[in-house]
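Each chain, letter by letter, is given below.
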Amino acid sequence: MKVLLVEDEQKIADFVSSGLALRSMEVTHCLDGSRGFEQACTGRFDAVVLDIMLPCRDGLSVLKGMRAAGVTTPVILLTARNELGDRIDGLELGADDYLAKPFFVEELAARIHALRRRLAGDRQNTVDVGGLKLDRITREVSCHGRSAELTTREFSLLEYLMRSPGQVYTRAQILEHVWGYDFDPSTNVVDVCIKRIRGKTAALDEQLQSPIESVRGAGYRIRTL
């Protein structure tokens, strides 16, 4: 898989490049937005990891230019942790995902693979993990022909986890991605939401184990069967 990394901080670029290379990804690195835009428009990359704060041309301008030029390559934005406005603007301009700094390269790799899976075949309008099926179009969750109604928040949380089976996400990561901003780290809103999802999915099949697994001291993940 070929990945374009547009990041002006050399230390971060080295960290990301080496981490992705260990996961069999070929990384091309650009230090500024102008060069990054030129490379992105070649269309030879499977994904673009794009920092927002860049010299010459900022990341949002690069993203806007890519989409205006018809470049549909998946884009993951790298943002400052407290810059909610940039994340919203990026998603509205056509970004496919974002990560707030600092981040783990393992999560970045998982996000890249998830984006590629989403674009494969029927563009992954449905996700099936361990017999549990999530439909992004109808926003239904089903198992063996029976469906459950989830709230928007519950659906978003379950989708976030199901995109990368086996990947552990911390409560902070879930809060930031599903709720869209930072909560008091002591809040139990994630645990409450997951408890509701477990109850609803359990009602679909008495033999179905909860798809969401707690990882002691770490967070949550979708179990892989």
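Look a little higher up for the structure.
Residues numbered from 1 in each chain as written. Predicted model: local features only at pLDDT ≥ 70, side-chain atom pairs only at ≥ 80, totals over all residues. Heavy atoms only, no water.

Engineer: Now, about the overall build of the chain: what can you tell me, with residues and values included?
Structural biologist: Looking only at helices and strands, the chain features eight helices and eleven strands. Every one of the 225 residues in the chain was classed for burial, and the buried ones make up 45%. Here the contacts in the chain between residues at least 6 apart in sequence split such that 56% fall between residues at least 24 apart. (Helix = DSSP H or I, 4+ residues; strand = E, 2+ residues; numbered from the N terminus. Buried < 20%, exposed > 50% of the residue type's maximum accessible area, 1.4 Å probe, protein only. Contact = heavy atoms within 4.5 Å.)

Engineer: Outline the sheet that holds strand 7 (residues 132-135), supporting the account with residue identities and numerical values.
Structural biologist: Taken together, four strands build an open sheet; the order of strands is 6-7-8-9 and the sheet is antiparallel. Of all the strands in the sheet, the pair left with one neighbour each is strand 6 (126-129) and strand 9 (146-148). In this sheet, adjacent strand axes meet at a mean angle of 25 degrees when their direction is disregarded. Pairing of strand 6 with strand 7 involves four bridges; the strand directions are antiparallel. Looking at strand 7, one finds that aspartate 128 is bridged to lysine 133. Docked against the sheet, helix 6 (residues 152-162) engages strand 6, strand 7 and strand 8 (140-143), running at close to 115 degrees with respect to strand 7. (Pairing = 2+ DSSP bridges. Axes fitted to C-alpha atoms, helices over the stretch in contact; angles between N-to-C directions.)

Engineer: Please give an account of the packing of helix 6 against helix 8 (residues 189-202) that cites residues and values.
Structural biologist: Taken N-terminus to C-terminus, the directions of helix 6 and helix 8 make an angle of 85 degrees; their axes are 10 Å apart at the nearest point. The angle between helix 6 and helix 8 places the two elements in the roughly perpendicular class. Only Cys193, Ile194, Arg196, Ile197 and Lys200 of helix 8 make contact with helix 6, whose side of the interface consists of Arg153, Glu154, Leu157 and Leu158. Class assignment of the residues belonging to the contact of helix 6 with helix 8 gives a composition of five nonpolar, no polar and four charged. (Parallel < 35°, antiparallel > 145°, perpendicular 65-115°, else oblique. Nonpolar A, V, L, I, M, F, W, Y, C, P; charged D, E, K, R; others polar.)

Engineer: Would you mind going over the sheet that holds strand 4 (residues 75-80) in detail, with residue names and values included?
Structural biologist: Read across the open sheet, the five strands follow the order 2-1-3-4-5; overall the sheet is parallel. Strands at the two margins of the open sheet, each flanked by one partner only, are strand 2 (26-30) and strand 5 (97-101). On average, each strand axis in the sheet is tilted by 20 degrees relative to the strand beside it, whichever way the strands run. Relative to strand 2, strand 1 (residues 2-6) runs parallel, the two being bridged by five bridges. For valine 6, the partnering residue across the bridge sits in strand 2 and is cysteine 30. Across the sheet, helix 2 (residues 33-40) is in contact with strand 1, strand 2 and strand 3 (47-51); its angle to strand 1 comes to roughly 160 degrees.

Engineer: Pulling in residues and values, what's your account of unusual backbone geometry?
Structural biologist: With omega at -5 degrees, the peptide bond leading from lysine 101 into proline 102 counts as cis. By the secondary structure assignment, proline 102 is in the loop between strand 5 and helix 5 (105-119). A positive phi angle is found at serine 24, which is not glycine, with a value near 65 degrees. Mapping serine 24 onto the fold places it in the loop between helix 1 (10-21) and strand 2. By relative accessible area, serine 24 is classed as exposed at 63%.

These figures come from the coordinates and say nothing about function on their own.
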